[in-house]
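# Analysis of the macromolecular model
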Amino acid sequence: MELLSTPHSIEINNITCDSFRISWAMDVGDLDRVTHYFIDLNKKENKNSNKFKHRDVPTKLVAKAVALPMTVRGHWFLSPRTEYSVAVQTAVKQSDGEYLVSGWSETIEFCTGDYAKEHLAQLQEKAELIAGRMLRFSVFYRNHTKEYFQHVRIHSGNVMKPYLKDNSGSHGSPTSGMLHGIFFSCNTEFNTGQPPQDSPYGRYRLQIPAQRLFGPNTNLYFADFYCMYTAYHYVILVLAPKGSPGDNFCQERLPQLDITGNKFLTCCVEEGELVYRHAQDIILEIIYTEPVDLSLGVLGEISGHQLMSLSTADAKKDPSCKTCNISVGR
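The chain appears in an unreviewed UniProt entry as Phytanoyl-CoA hydroxylase-interacting protein from Podarcis lilfordi. Taken from UniProt, the Subunit (unreviewed entry) comment for the chain reads in full: "Interacts with PHYH and ADGRB1." Taken directly from UniProt, the Function (unreviewed entry) text for the chain runs: "Its interaction with PHYH suggests a role in the development of the central system."

## Looking at the pattern of salt bridges
Applying the stated criterion to the full structure yields eight salt bridges. Taking the shortest distance from any N to any O, the salt bridge between E109 and K44 comes out at 3.2 Å. Of this pair, E109 sits in strand 8 (residues 108-111) while K44 is found in the loop between strand 3 (36-43) and strand 4 (60-64), placing the two residues 65 residues apart along the sequence. With a relative accessible area of 55%, E109 lands in the exposed category.

## So, the confidence of the model for the chain
Averaged over the chain, the pLDDT score is 90; the fraction of residues at 70 or greater is 91%. Predicted confidence for residues 49-58 stays below pLDDT 50, and this span has 25 contacts to residues more than four positions away or in other chains.

## Focus on the sheet that holds strand 13 (residues 180-184)
In space, the six strands of this open sheet follow the order 12-13-20-16-15-17, with mixed pairing throughout. Each edge of the open sheet is held by one strand with a lone partner, namely strand 12 (163-164) and strand 17 (256-257). The pairing of strand 15 (residues 218-226) with strand 16 (residues 234-241) spans eight bridges and is classified as antiparallel. Bridge pairing in strand 16 links T218 to P241.

## Some words on the sheet that holds strand 1 (residues 8-13)
Pairing within the open sheet is antiparallel, and its three strands lie in the order 1-2-5. Unpaired on one side and paired on the other, strand 1 and strand 5 (70-73) mark the two borders of the sheet. Across the sheet, the axes of successive neighbouring strands diverge by a mean angle of 30°, strand direction being ignored. Taken together, the four bridges between strand 1 and strand 2 (residues 19-25) define a ladder with antiparallel strand orientation. For I12, the partnering residue across the bridge sits in strand 2 and is I22.

## Section: helix 2 (residues 146-155)
When helix 2 is considered as a whole, its buried residues turn out to be Y148, F149 and V152. An end-on view of helix 2 places all buried positions within 95° of arc, on one side of the element. Of the residues in helix 2, the exposed ones pointing more than 90 degrees away from the buried face are E147, I154 and H155. In this structure, the buried side of helix 2 is in contact with strand 10 (139-144), strand 11 (159-160), strand 14 (204-209) and strand 22 (298-301).

## Describing unusual backbone geometry
In this chain, L68 is followed by P69 through a cis amide linkage whose omega measures 5°. By secondary structure assignment, the location of P69 is in the loop between strand 4 and strand 5. Positive phi values are uncommon outside glycine, yet S9 reaches one of about 55°. When you line up the elements, S9 lands in strand 1. Positioned with a positive phi, E271 is a non-glycine residue whose angle comes to about 55°. For E271, the location among the structural elements is in the loop between strand 18 (265-270) and strand 19 (273-279).

About the cut-offs
Residues numbered from 1 in each chain as written. Predicted model: local features only at pLDDT ≥ 70, side-chain atom pairs only at ≥ 80, totals over all residues. Heavy atoms only, no water. UniProt positions renumbered as here; feature names shortened; annotations may be inferred. Salt bridge = Lys/Arg side-chain N within 4 Å of Asp/Glu carboxyl O. Helix = DSSP H or I, 4+ residues; strand = E, 2+ residues; numbered from the N terminus. Buried < 20%, exposed > 50% of the residue type's maximum accessible area, 1.4 Å probe, protein only. pLDDT = per-residue confidence, 0-100. Contact = heavy atoms within 4.5 Å. Pairing = 2+ DSSP bridges. Axes fitted to C-alpha atoms, helices over the stretch in contact; angles between N-to-C directions. Arc of directions from axis to C-beta.

Here it is as structure tokens:
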């Protein structure tokens, strides 16, 4: 049987977090002969790779020949935000079951994308199932070291400046390494209605009245839902003043929440006053996208412990948790 030509001129487009479209050129005489495609897909390892998933990437995917371009999809071998190399080979299955194969094409590289809004909406739905009842609160608070707040006073004109979000949480979150903001908490203890006295981030706490960061002129977005191999689950929300650069970033990438009626964090007018509530059964991490002056709140020292084991800095999501994972790349 006549040999097959080697595929060439590979093109990849329509890349998502767990799929891509691929096409290539081959001799016209091969179009009616080829019965199968072999796709050699390899993950490029680097120091920032998600070590918890896809350690054994299938090196060859076999597909029956279809019209090109073809879609390659699979969350079990494609991770978001990950670099891959790919090469293709065509084949003819012969009567004896063996394959006549072409040479391998050139190898090209590409990077998968982030979660799209529809993926985040699925995460949001799963988070809503465990959010629990809503509890009233009155302050947003930020814990850090004494040195951090001294640095803000001396070198930043008393203003905390937004910084780039780390890679904690879901591997496909579009906020990781992209959105600038300042992390705050708002969870309260059930029995006291006050913020807990322990913190993993430092013994000094800035408490800001909720209305100074969150109100009718603020948009609220759902950003992530994850856990770190523990029973605790975290939801990341973004607070962005309307029309701000952070707001524009989120509008394109994140599901927006109704500030008066959602399962996580609300701001409602009751008897002429703004009333704030947070979900009881999840730990909320709030990203505020604009600079914050220390004069907006009160700084003090907490009486509890600094529980470093609860820190979520660069925390990796548990990919095996059925509560907080969806069926796309982790």
